[in-house]
Amino acid sequence: MAAETNSKSDTLTLEKVREALIKQEDTIIYRLIQRANFPLNSPAYDEKAFPSFSGSLLQFVVKETEALQSKVGRYENPEELPFSPESLPPSLLPPPENPPVLHPAAASININGKIWDFYFDELLPLFAATGDDGSYASTASNDLDCLQAISRRIHYGYYVAEVKFKDSPQDYEPAIRAQDREGLMKLLTFVDVEEKVKKRVEKKAMVFGQEVSLMDNANTRTDQRNVSETYKVDPLVVSRLYGEWIMPLTKLVQVEYLLRRLD
Ligand SMILES: O=C(O)C(=O)C[C@]1(C(=O)O)C=C[C@@H](O)C=C1
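As a starting point, this report considers the structure included with it. (Residues numbered from 1 in each chain as written. Predicted model: local features only at pLDDT ≥ 70, side-chain atom pairs only at ≥ 80, totals over all residues. Heavy atoms only, no water.)

**Some words on the overall build of the chain**
Alright, step 1. Along the chain, the regular secondary structure elements total 11 helices and 0 strands.
Alright, step 2. The order of α-helices and β-strands along the chain, N terminus first, is α-α-α-α-α-α-α-α-α-α-α.
Alright, step 3. The C-alpha radius of gyration of the chain comes to 20 Å, within 12% of the 18 Å expected for a compact globule of 263 residues.
Alright, step 4. The principal-axis extent of the C-alpha atoms belonging to the chain is close to 60 × 45 × 30 Å.
Alright, step 5. Counting contacts in the chain only where the partners sit at least 6 residues apart, residues at least 24 apart contribute 78% of the total.
Alright, step 6. Taken as two groups, the 31 positive and 40 negative side-chain charges of the chain have centres that lie 3 Å from each other. (Helix = DSSP H or I, 4+ residues; strand = E, 2+ residues; numbered from the N terminus. Rg over C-alpha atoms; globule rule 2.2 N^0.38 Å. Contact = heavy atoms within 4.5 Å. Lys, Arg positive; Asp, Glu negative; His and termini not counted. Charge placed at Lys NZ, Arg CZ, Asp CG, Glu CD.)

**Some details on the site of the ligand**
Alright, step 1. Inspection of the region around the ligand gives 13 residues, with Arg18, Arg153, Lys164, Phe190 and Glu194 positioned closest.
Alright, step 2. Here Arg18 contributes a side-chain N or O atom positioned 2.6 Å from an oxygen atom of the ligand.
Alright, step 3. Measuring from an oxygen atom of the ligand, one finds a side-chain N or O atom of Lys164 at 2.6 Å.
Alright, step 4. Taken by itself the ligand offers 360 Å² of open surface, and the protein chains cover 99% of this.
Alright, step 5. Elements that contribute at least two residues to the shell around the ligand include exactly helix H5 (157-167), helix H8 (191-208) and helix H11 (235-259).
Alright, step 6. Looking at the shell around the ligand, the element that brings in the most residues is H11, giving 4 residues.
Alright, step 7. Here the residues of the shell around the ligand sort into 5 nonpolar, 3 polar and 5 charged. (Near = heavy atom within 4 Å. Polar contact = N/O pair within 3.5 Å; in protein donor to acceptor, adjacent residues only side chain to side chain. Areas by Shrake-Rupley, 256 points an atom, 1.4 Å probe, with all protein chains shown as cover. Nonpolar A, V, L, I, M, F, W, Y, C, P; charged D, E, K, R; others polar.)

**A word on the packing of aromatic side chains**
Alright, step 1. Applying the stated criterion across every chain, the model contains 11 aromatic pairs.
Alright, step 2. With a centroid separation of 4.9 Å and an interplanar angle of 90°, the aromatic rings of Tyr119 and Phe120 are classed as edge-to-face.
Alright, step 3. For Phe120, a relative accessible area of 16% translates into the label buried.
Alright, step 4. With a centroid separation of 6.3 Å and 40° between ring planes, the pair formed by Tyr158 and Tyr257 is classed as tilted. With Tyr158 in helix H5 and Tyr257 in helix H11, this residue pair connects regions lying 99 residues apart in the sequence.
Alright, step 5. The rings of Tyr45, Phe83, Trp116, Tyr119 and Phe120 are connected pair by pair, giving a single aromatic cluster.
Alright, step 6. Over the ring of Phe190 we find Arg18; its NZ or CZ atom is 5.1 Å from the centre of that ring. (Phe/Tyr/Trp six-rings, centres within 6.5 Å; stacked < 30°, edge-to-face > 60°. Buried < 20%, exposed > 50% of the residue type's maximum accessible area, 1.4 Å probe, protein only. Lys NZ or Arg CZ within 6 Å of the ring centre and 35° of its normal.)

**A few points about empty space enclosed by the protein**
Alright, step 1. Counted under the stated rule, the structure contains 1 cavity of 30 Å³ or more.
Alright, step 2. Taken as a whole, the largest cavity spans an internal volume of roughly 40 Å³.
Alright, step 3. Lining the largest cavity are Arg74, Tyr75, Glu79, Glu80, Leu81, Phe83, Gln148, Ser151 and Arg152.
Alright, step 4. Here the lining of the largest cavity is built from residues that sort into 3 nonpolar, 2 polar and 4 charged. (1 Å grid on protein atoms, 1.4 Å probe; cavity = no way out; pocket = protein on both sides within 12 Å on 5 of 7 lines; lining within 4 Å. Points joined across faces, edges and corners; volume = space filled by probe spheres on them.)

**As for the pattern of salt bridges**
Alright, step 1. Tallied over the full model, the rule gives 15 salt bridges.
Alright, step 2. Between Arg35 and Asp143 there is a salt bridge, and its shortest N-O distance comes to 2.8 Å. Of this pair, Arg35 sits in helix H1 (residues 14-35) while Asp143 sits in helix H4 (residues 136-155), and the two are 108 residues apart along the sequence. Note on accessibility: Arg35 and Asp143 belong to one class, buried.
Alright, step 3. In this structure, Glu162 engages Lys166 in a salt bridge whose closest nitrogen and oxygen atoms are separated by 2.8 Å. Taken together, the positions of Glu162 and Lys166, both in helix H5 and 4 residues apart, correspond to about one turn of that helix.
Alright, step 4. The class for Glu162 is buried, based on a relative accessible area of 1%. (Salt bridge = Lys/Arg side-chain N within 4 Å of Asp/Glu carboxyl O.)

**A word on the nonpolar core**
Alright, step 1. Counting residues in hydrophobic clusters, the biggest one holds 67 residues, and the most contacted among them are Leu123, Ile150 and Leu241.
Alright, step 2. For this core, the leading source of residues is H11, giving 14 residues.
Alright, step 3. Non-local contacts of Ile150, meaning those with residues more than four positions away in its chain, are made with Ile28, Ile115, Phe118, Tyr119, Leu123, Leu241 and Ile246. (Core = buried A, V, L, I, M, F, W, Y, C linked by side-chain atoms within 4.5 Å.)

In structure tokens, the structure reads:
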């Protein structure tokens with residue numbers, strides 16, 4: 001399994017999985033900051049803007065990048081899921097030696113469609129400035145970087161669910177047998193943890209996204225600016241990203257996984 005946690009299922013603990021989620025926060029925030037260096041650049045998403053591609057420039061970049069990454073084994077990791085899965089080439093590397101940690105049901109849960117939709121329809125307009133600077137290739141590859149980091153974080157829900165199930169099967173089994181989504185959602189939800197996550201990512205976005213200036217009067221100038229202009233990505237947008245999309249979708253992955261955990 002992933003580098004952040006040990007490969008042996010018996011050493012998988014909730015604490016370790018949560019540590020991995022915390023590290024992934026950094027990646028997500030840095031990638032949003034990278035994407036925010038470019039304006040929206042809408043021609044990158046227009047299927048008719050570049051007749052040399054059959055779809056949009058973005059779709060082309062996603063398909064070709066994922067094809068290369070597939071050949072070098074990216075999708076051998078259960079938490080890495082392609083956005084363009086049609087006719088991906090197989091991995092050219094030997095399969096991973098680690099024994100599988102997850103129930104095979106994980107392979108049937110892929111919510112990348114939902115992730116793609118919220119990213120382009122709702123999130124991107126909240127942190128990318130309007131405009132067009134012509135950097136379509138960089139824009140598309142930065143979008144894919146953001147999507148991959150967010151998708152990996154959300155599908156890490158498999159491991160969170162597995163470890164919770166292993167820690168207390170007696171709590172989860174009745175709800176699984178009854179296929180009780182609501183009951184499972186209640187069991188796996190920790191409101192206090194979610195509040196901490198939102199606060200921490202907001203703070204990280206402030207720290208990672210500060211404008212650094214060597215000018216003496218930099219603070220005064222910053223004070224006069226609107227909070228959302230002071231940081232490369234508005235920290236409140238990052239907190240909202242977690243509160244409205246990342247954590248609810250991580251929980252959805254957990255519920256879907258648990259529903260199939262006894263199959
Ligand atoms: O840490 C957990 O227990 C998780 O399930 C992860 C997570 C999250 O996505 O950050 C999701 C649900 C919980 O309510 C708290 C946090």
